Structure formats: C-alpha cells, structure tokens
Amino acid sequence: MSLALTPLPPRVAALAPALPVVAVPALLALPRTPDGAGPADVLSGLLVVYCVIRLLRERRRPLSPAAAVVLGLPVVGLAIAAMGAFSSQAGLTGLGRYLQTFVLVPAAVLLLLRDRAGFRMVAWSFVGLGLCQGAVGVHQFVTRTGASYQGANIRAVGTFGPQDVMGMATAVSLGLVCAVGIALGRVSARQRVIAAGCALVLLLPLALSFSRGAWIATVLTCAMQLALTGWRRALKVVAAAVASGVILVGGFGVGSALLQQRIDSIAQVADTPDQSVVDRYTLWASATDIWRGHPLTGVGLKGFPEYRDGHATLALSSGSETDGAGVAYQRQPLLSPHNMYLLVLSEQGLIGLLALTGSWLALLVCGVRRLLRVRVRGPGLDCGLVACGLLVWLLTDFVYGDIGGPATVLIAVGMGLVAWWALAGDARTGLPRGGARERAEEAMAR
C-alpha cells in the first residue's frame, strides 16, 4: 500500500510561502540579544535561501526585467563603495547590510508573496509587532523602567533597549501605517474596525517613544493615506484621532508636560536647540564636508566614523548617553550622521546616492500610479495604501535617521511589501493578483 502526500488546498498553498515572511516581524517581538545578529536577522537570511530553493524547484523566472533593474540598481554604488572601504572587513559588512535591506530580502518577499491575502497577512504581522512592542513600551513608561529621558526612566523603547531608542518607534510607526491603510481599504467591515482600533491604540506608545522623527514621518504618511481616500473620510479619522489624543493626554495626563515640551522642541531647532539637535546638525555638516572631498564615490562603506572627527566642529559631543531599561549607564559613540541620504552621500558619493534613491523613486512612482488606478473601484486599495504608506514613511524618516540595529530587518520586509505592490502584477491588468474570494470580499465591502 503506497502512501501519498495530500495536496494542500489552493488557498493554503498560496499563503504558505508567506509564512516565513510573517515570522520575521514575529521574531522581532522577542528580547534582543546583546551582541551579534538577532534571530530575525538570521531568519531573513534563511528567507532568501528558501526563496532561491523554491525558485529552483518550481523552475520559475526569478524577477521580471523591470523588477531586476529597480531592485538591482543600488548594487552599482554599493559595489564601488565596498571596494573603496578603508578595510575589506568593513566593506563586506556594510555591503551585506545594504544588500540585505534594499536588495535581497525585498526581492525574496516580492517572489514569495502570491496574492493580496499573503500581503495582508504580512501587513497584519507589522500591526501585531507594533502592538507587542507598544505594550512593553507603555508598561515601561508607567512603571518607570524604560530608557532614561530627562533624568527619569520613562522613555518607551520596547524590547530594543536604550541603545536603539528608535527601534520601538520604528516598529510602532510601521504598524500604525499598516493599520491605517487596512482601515481605509475595501476589506471586510470587521477588518476595518479592528485595524482602526489598533491604529488608535498605537498612538499612545508612539507618543511615549519621544521620537520626533517618527512623529513627523507618521503624521505626513497618515495624512497622505487619508488624502488619497477622500476628504470626508479624512476629516472623520482626524476627529477620532484628535479625540483619542485629548482623552489619553488631557484626560489621563499621560506625559502631557513632557510631550508638549518635546513637540515644542521641533520648532525650536533654530533658536535654542538641545544637545541632540546640535549633534545632529553637526553630523550633517560633517557628512556634507566629507562628501565634498570625495564627490563621486564617497569614502567607502562604514567610512563615516573614520572621517567624522576630521570634519566635525567642536560643537559635537563625545557621544550620546544611554541608561535605563535594564542597562547600565554608558556613552555611545556617534557613528552615523543620523540622515540616510547624507550617510549614503558621504560613504557612496553621488553614484551611490543616485542609484539608491533612483530605486526608491521608481518604486514610489510605480506604487502610486498603481494606487491611483485602483483608488475608485479597483481591487487591493488597502494593499496600495499600506505599501505606499510604508515607503513614504521610510523616505521621510530617513531625513532624521538611517539603517542600523535590529529594526533594520523590519525595514527590509517593508521594502519587500512596497516592491510587491509596485512591481508584481498580473500580465493582463497590471494589478497584483487576487483570488475570487478576495474580489467578492472587496465587492461586499464597497
């Protein structure tokens, strides 16, 4: 008697390749390891290997010509900058990180997602990660066990610790952007209500992260998402968000004085900036000065720390102070300009910056064009809002930060969602594929 494997139902078979992608954000909910690559980073590497094995078994064409050009464009500047690095180890380390974030993992996500159901499953994993990290962050604020902020251990950092204060802010912000996109899409009423509730809940930990860059990026992104779905709906959502903010901050007094002070500091960067703003501006000037000396190819990957002191003014402090959240006091060296564009410009020159931003711009143009095509009646409005929202958030946040730390792998998966929406389409319609059940669900939602 021979035994045969029972084939999976078509619906399950289509979602199965997306499960390893979902596992990457899930692993980021675990406490981070002190040194070395975390489990999410390791899984992202295995994700690429898994994708290659599936392609070989199924004998599928890896990428369309357009997708190969768009995702492969950053390799040009990276290869040149890696060869110009001050050491081979630094060049290989930097090359691996950039390829992971902007080329390999996004390509793997693009190839593994088969339809809009898989896309939504990954988007919901972003929301789940934001809720988990946000819950830890709120607990840290309430119990005063977070990172140090103005002498008190109240800054919400989640499981990322005080060495990576932007980690939780990134996870919560991207989860909020995904929740808003789903809530504004044409999915079932149940999903929209749950997503809207998650978005409102995530506002609190985002506020308690005290991250000005994440605040600005999130506000601009959500405003863009709302504007694309109509002003009437936008006004309703804004009213609900304002009411929630008044209740949380005004009614319960959740850090109202500290939040007001932090918000006011955004407009005081030119008058009486705090030391963090002074350091940021000094690092920006240093990166620009480094680029002027090496305009085309930069100083090589991981080269900014080596050249920083030779171009920085005396206004730059020796490092940032970290304390709290279970970690002893220490000073962290300022190893990047905290601006992705200036980091690339100083280390990869104009060639690297044009190649990387050219790839991002192509994704943005293709994604927005496809979103405008489905905005009125087409399928997948929620996917388009999520994908374009993630890219707009990243492009805005890159003005105030750069890649680095455990949350970088989340950015890589987010870029994969963007690439899927912008570059993966049905040959006849030019729209990402979806099954009959998805089309019926969206018809009912309308």
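None of the values given here were measured: they were computed from a predicted structure.

Asks: A description of the overall build of the chain should follow, citing residues and the corresponding values.
Replies: Along the chain, the regular secondary structure elements total 18 helices and four strands. Looking at the chain as a whole, 49% of its 446 residues are labelled buried. Carbon and sulfur atoms make up 66% of the accessible area of the chain, which totals about 20000 Å².

Asks: How would you sum up helix H4 (residues 65-72)? Please name residues and give values.
Replies: If you check which residues of H4 are buried, you get Ala67, Val70 and Leu71. Axial view of H4: buried residues confined to an arc of 90 degrees, hence all on one face. For H4, exposure combined with an orientation more than 90 degrees from the buried face picks out Pro65 and Val69. Along its buried surface, H4 packs onto helix H5 (74-83), helix H6 (88-112), helix H15 (340-374) and helix H17 (408-423).

Asks: Which residues make up the packing of aromatic side chains, and what are the values?
Replies: Tallying each qualifying case throughout the model produces eight aromatic pairs. Seen in terms of ring centroids, Phe102 and Trp360 are 5.3 Å apart; in terms of plane orientation they differ by 55 degrees. Their pairing is tilted. One end of the pair, Phe102, is in helix H6; the other, Trp360, is in helix H15, and 258 residues separate them in sequence. Summarising the burial analysis for this pair, Phe102 and Trp360 share the class buried.

Asks: Describe in detail the pattern of salt bridges, supporting the description with residues and values.
Replies: A complete count under the given rule lists five salt bridges for this structure. A salt bridge links Arg114 to Glu58, with the nearest nitrogen and oxygen atoms 3.3 Å apart. One end of the pair, Arg114, is in the loop between H6 and helix H7 (116-143); the other, Glu58, is in helix H3 (residues 39-58), with 56 residues separating them in the sequence. Note on Arg114: relative accessible area 22%, which makes it partly exposed. When its relative accessible area of 33% is taken as the criterion, Glu58 is described as partly exposed. Several salt bridges converge on common partners, so that one network encompasses Arg54, Glu58 and Arg114.

Asks: So, the pairing of strand E2 (residues 152-155): which residues are in play, and what are the values?
Replies: Here strand E1 (residues 147-149) runs beside E2; their pairing, made up of three bridges, is antiparallel. Paired with Ala147 across the bridge in E2 is Arg155.

Asks: Summarise unusual backbone geometry; cite the residues concerned and give the values.
Replies: Backbone geometry at Lys302 places phi at a positive 65 degrees, although glycine is not the residue there. Residues other than glycine seldom take positive phi values, yet His338 does so here, at roughly 55 degrees. Checked against the element boundaries, His338 lands in the loop between strand E4 (327-332) and H15.

Asks: So what about the environment of Leu350? Which residues, and what values?
Replies: Here Leu350 is to be found in helix H15. For Leu350 and Gly77, which are 273 residues apart along the polypeptide, the C-alpha to C-alpha distance reads 8.6 Å. Not counting residues up to four positions away in its chain, the partners in contact with Leu350 are Trp291, Pro295, Leu296 and Leu345.

Asks: Break down empty space enclosed by the protein for me, with residues and values.
Replies: Empty space among the atoms becomes apparent when a probe as large as a water molecule is rolled across them. The tally for this structure, following the rule as stated, stands at one cavity of 30 Å³ or more. Estimates place the volume of the largest cavity at around 30 Å³. What lines the largest cavity is Leu363, Leu364, Gly367, Ala387, Cys388, Leu391, Val418, Trp421 and Ala422. Where the lining of the largest cavity is concerned, the elements lending two or more residues are H15, helix H16 (381-397) and H17.

Asks: Can you explain a nonpolar patch on the surface? Please cite residues and give values.
Replies: On the surface, Leu73, Val76, Ile80, Met83, Leu296, Leu350, Ile351 and Leu354 cluster together to form a nonpolar patch covering roughly 710 Å² of accessible area. Elements that contribute at least two residues to the nonpolar patch include exactly H5 and H15.

Asks: Outline the confidence of the model for the chain, listing residues and values.
Replies: In this model, the chain carries a mean pLDDT of 83, and residues with pLDDT of at least 70 account for 78%. Per-residue pLDDT stays below 50 along residues 1-5; that stretch engages in zero contacts with residues further than four places along the chain or on separate chains.

Asks: If you had to explain the side chain of Ser173 to someone new, which residues and values would you point to?
Replies: Along the chain, Ser173 turns up in helix H8 (residues 165-184). Among the polar contacts listed, one links the side chain of Ser173 to the backbone oxygen of Ala169, at a separation of 2.6 Å. Reaching out from Ser173, the side chain makes a polar contact with the side chain of Thr218 at a distance of 3.3 Å. Residues in contact with Ser173, not counting those within four places in the same chain, are Leu206, Ala214, Thr218 and Trp393.

Asks: Can you lay out the packing of H3 against H6 for me, pointing to particular residues and giving the numbers?
Replies: H6 packs onto H3 with a crossing angle of 45 degrees between their chain directions and a minimal axis gap of 9 Å. Comparing their axes, H6 and H3 come out oblique. Classified by chirality, the crossing of H6 by H3 is left-handed. In this structure, H3 uses Asp41, Ser44, Leu47, Val48, Tyr50, Cys51, Arg54 and Leu55 to contact H6, whose residues at the interface are Arg97, Gln100, Leu104, Val105, Ala108, Val109, Leu111 and Leu112. Here the contact of H3 with H6 is built from residues that sort into eleven nonpolar, two polar and three charged.

Asks: I'd like to hear about the nonpolar core, residue by residue, with values.
Replies: Counting residues in hydrophobic clusters, the biggest one holds 118 residues, and the most contacted among them are Tyr98, Phe102, Met340 and Leu363. If sequence neighbours within four positions are ignored, Leu363 has contacts with Val70, Leu391, Met415, Val418, Ala419, Ala422 and Leu423.

Asks: Can you lay out the side chain of Asn339 for me, pointing to particular residues and giving the numbers?
Replies: The topology assignment puts Asn339 in the loop between E4 and H15. Note on Asn339: relative accessible area 6%, which makes it buried. Within the structure, Asn339 has its side chain in polar contact with the backbone nitrogen of Tyr341 (distance 3.0 Å). Residue contacts for Asn339: discarding those within four places in its chain leaves Trp284, Phe398, Val399, Gly401 and Asp402.

How each quantity is defined
- Residues numbered from 1 in each chain as written.
- Predicted model: local features only at pLDDT ≥ 70, side-chain atom pairs only at ≥ 80, totals over all residues.
- Heavy atoms only, no water.
- Helix = DSSP H or I, 4+ residues; strand = E, 2+ residues; numbered from the N terminus.
- Buried < 20%, exposed > 50% of the residue type's maximum accessible area, 1.4 Å probe, protein only.
- Areas by Shrake-Rupley, 256 points an atom, 1.4 Å probe, with all protein chains shown as cover.
- Arc of directions from axis to C-beta.
- Contact = heavy atoms within 4.5 Å.
- Phe/Tyr/Trp six-rings, centres within 6.5 Å; stacked < 30°, edge-to-face > 60°.
- Salt bridge = Lys/Arg side-chain N within 4 Å of Asp/Glu carboxyl O.
- Pairing = 2+ DSSP bridges.
- 1 Å grid on protein atoms, 1.4 Å probe; cavity = no way out; pocket = protein on both sides within 12 Å on 5 of 7 lines; lining within 4 Å.
- Points joined across faces, edges and corners; volume = space filled by probe spheres on them.
- Patch = residues over 30% accessible without salt bridge, like charges linked within 9 Å, V, L, I, M, F, W, Y side chains within 5 Å.
- pLDDT = per-residue confidence, 0-100.
- Polar contact = N/O pair within 3.5 Å; in protein donor to acceptor, adjacent residues only side chain to side chain.
- Axes fitted to C-alpha atoms, helices over the stretch in contact; angles between N-to-C directions.
- Parallel < 35°, antiparallel > 145°, perpendicular 65-115°, else oblique.
- Left-handed = near helix turned anticlockwise from the far one by under 90°.
- Nonpolar A, V, L, I, M, F, W, Y, C, P; charged D, E, K, R; others polar.
- Core = buried A, V, L, I, M, F, W, Y, C linked by side-chain atoms within 4.5 Å.

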